[in-house]
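Letter by letter, the chains look like this.
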Amino acid sequence: MRTAVIVHTEWIEFGHVERVPAAGDIVHATDAWEEPGGGGAVAAVQLARLAGSCTFYTSFGDDERGEWSRRRLEGLGVRVEASIRSEPTRRAVVFVDANGERTITTFGDRLAPAARDHLPWSELDGVDAAYVTAGDPEAIREARRARVLVATSRIADLLVEVDLRLDAVVGSAADPAEAFDPDVLREAPHLVVRTESVRGGRYETSDGRRGTYEAVDPPGPVVDTYGAGDSFAAGLTYALGIGTGIEEALALAARCGAWCAAGKGPYGNQLSAADL
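Residues numbered from 1 in each chain as written. Predicted model: local features only at pLDDT ≥ 70, side-chain atom pairs only at ≥ 80, totals over all residues. Heavy atoms only, no water.

Looking now at the sheet that holds strand β3 (residues 30–37). Sheet architecture is open: four strands sit in the order β3-β2-β6-β7, paired in mixed fashion. The open sheet has two free edges, formed respectively by β3 and β7 (102–107), since each of these has just one partner strand. Mean inter-strand twist for the sheet, computed between neighbouring axes without regard to direction, equals 20°. As defined by bridge partners, strand β2 (residues 10–16) adjoins strand β6 (residues 91–96) across six bridges and the pair is classed as parallel. Paired with E13 across the bridge in β6 is V93. Packing against the sheet, helix α2 (residues 64–75) makes contact with β2, β3 and β6, and its axis sits at approximately 90° to β3. (Pairing = 2+ DSSP bridges. Helix = DSSP H or I, 4+ residues; strand = E, 2+ residues; numbered from the N terminus. Axes fitted to C-alpha atoms, helices over the stretch in contact; angles between N-to-C directions. Contact = heavy atoms within 4.5 Å.)

This is the structure we're talking about:
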C-alpha cells in the first residue's frame, strides 16, 4: 500500500489551558510543547501508521522551523519531499482547553508545493491513495496520478479551478470555511463527507446515495481534539485506497479520529496497523 499527501505544514506551539482567554484576559498555559502540525502533517503520519509509509510533498521555509519539521516528521516514519521557500515556515499557537477542544491562531502565509518544484511527481503514478490539502493548480493535477485521490473541502475554490475527478472530498459540516457544493464541478466527486464531530456525520455519493455514519467512542478520555479531523481524513483515504466500501471506510475514519482525540497532541495516540 503506497500513500502520499500533497499538503502544507505549520510549526505549532501547543499549551493546555483551563479555558481559552477572553479579550483582555491573561491565562497560564501548562504542559507546553512544539512540533509540526497542520492538516497535511497529521494526515501523513496517520497514513504512515496505517500503511507503513507515506510520502509527504510540501514546502518549508528556509529556517530552523522548516528543518525541525523535516526531522520530526521523518522520525515519525514519513518520507519528506519538500521544496524550500525564501519565506519563513508558517507557525501557529494552539490552546487546548480542559475539555480537549483546540483553538488555533496562525502566523504567516501557508506554504504549498508547486508543480514547478523539483519533487518526485512521477512517483505518484504508483501511489494507491493520496490526500491533498494544498498546492498550486498544477500540483493538484499531479496528485490525480494517484489511483485514489481525496481532498479537503477547505480548498474548494482550488478544486473548482482545477475541476478534476475526485474520489472523495471531506470537510467539517460546522466550519463555513469547509463548505462544499459538489455541483460546482463538472464531474461530482464519487463521495462527499461532512463530519459532525461527536454526532458522526453525513455522506452523499455521485450516484445519489445519501447516508449517515456514527461517531466512535475514543479508547479513553478526550485529551486533545487537535488533529482528529485530519486523522479522520487520512483514515478515509487509506480505507478507500485498499478498496473497502463506503460504510466500512467511514467507520475506520471515525475510529482514527476518535483514537487521535484520546492522546496528547496529534501524534500521541493515532491508530496504527497493529490496532486494526
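As a further point, take the packing of aromatic side chains. Enumeration according to the criterion identifies five aromatic pairs in this entry. Considering the side-chain rings of W11 and W68, the 5.3 Å spacing of their centres and the 50° angle between planes classify their relative orientation as tilted. With W11 in strand β2 and W68 in helix α2, this pair connects stretches of sequence that are 57 residues apart. The buried category is assigned to W11, whose relative accessible area is 7%. When its relative accessible area of 29% is taken as the criterion, W68 is described as partly exposed. The interplanar angle of 5° and the centroid separation of 4.8 Å between the aromatic rings of F14 and W33 together place this pair among those described as stacked. Within this pair, whereas F14 is found in strand β2, its partner W33 is found in strand β3, the two being separated by 19 residues in sequence. By way of ring pairs, the aromatic residues F14, W33 and Y226 are connected into one cluster. Lying over the aromatic face of W33, K264 brings its terminal NZ or CZ to 4.6 Å of the ring centre. (Phe/Tyr/Trp six-rings, centres within 6.5 Å; stacked < 30°, edge-to-face > 60°. Buried < 20%, exposed > 50% of the residue type's maximum accessible area, 1.4 Å probe, protein only. Lys NZ or Arg CZ within 6 Å of the ring centre and 35° of its normal.)

Note that T89 resides in the loop between β5 (79–85) and β6. When its relative accessible area of 5% is taken as the criterion, T89 is described as buried. Apart from residues lying up to four places away in sequence, T89 is in contact with W11, F60, G61, D63, R65, G66 and L111.

Here we take up the packing of helix α5 (residues 228–241) against helix α6 (residues 246–261). Axis separation between α5 and α6 bottoms out at 7 Å; the angle between their running directions is 150°. Relative to α6, α5 is oriented roughly antiparallel. Considering only the axes of α5 and α6, their crossing is right-handed. Contact with α5, carried on its side by A228, S231, F232, G235, L236, Y238, A239 and L240, involves A249, L250, L252, A253, A254, C256, G257, C260 and A261 of α6 and no other residues of that element. A breakdown of the residues in the contact of α5 with α6 according to their chemical character gives 14 nonpolar, three polar and no charged. (Parallel < 35°, antiparallel > 145°, perpendicular 65-115°, else oblique. Left-handed = near helix turned anticlockwise from the far one by under 90°. Nonpolar A, V, L, I, M, F, W, Y, C, P; charged D, E, K, R; others polar.)

As enumerated under the stated definition, the model contains 22 salt bridges in all. For R85, the salt bridge identified is with D117, shortest N-O distance 2.8 Å. With a gap of 32 residues between them, R85 in strand β5 and D117 in the loop between β7 and β8 (129–132) connect regions that are remote in the sequence. Taken individually, R85 and D117 each receive the classification buried, so the pair is uniform in this respect. One salt bridge in this structure joins D167 and R144, with 3.1 Å as the shortest N-O distance. A residue pair is termed long-range when its members are at least 10 positions apart, and D167 in the loop between α4 (156–162) and β10 (168–172) and R144 in the loop between α3 (137–143) and β9 (148–152) qualify at 23 residues. (Salt bridge = Lys/Arg side-chain N within 4 Å of Asp/Glu carboxyl O.)

Attention now moves to unusual backbone geometry. Located in the positive-phi region is D31, a residue other than glycine, with phi close to 55°. You can see D31 is positioned in strand β3.

Our next topic: the sheet that holds strand β4 (residues 55–61). Read from one edge of the open sheet, nine strands run β5-β4-β1-β8-β9-β10-β11-β12-β13, paired in mixed fashion. Two strands bound the open sheet, and with one partner strand each, they are β5 and β13 (210–213). When the angles between neighbouring strand axes are averaged without regard to direction, this sheet yields 20°. Of the pairings in the sheet, the one linking strand β12 (residues 201–205) to β13 comprises four bridges and is antiparallel in character. Note that in β13 the partner of G201 across the bridge is Y213. Contacts between helix α1 (residues 39–51) and the sheet are confined to β1 (3–6), β4 and β8, with β1 contributing the most and set at about 180° to the helix.

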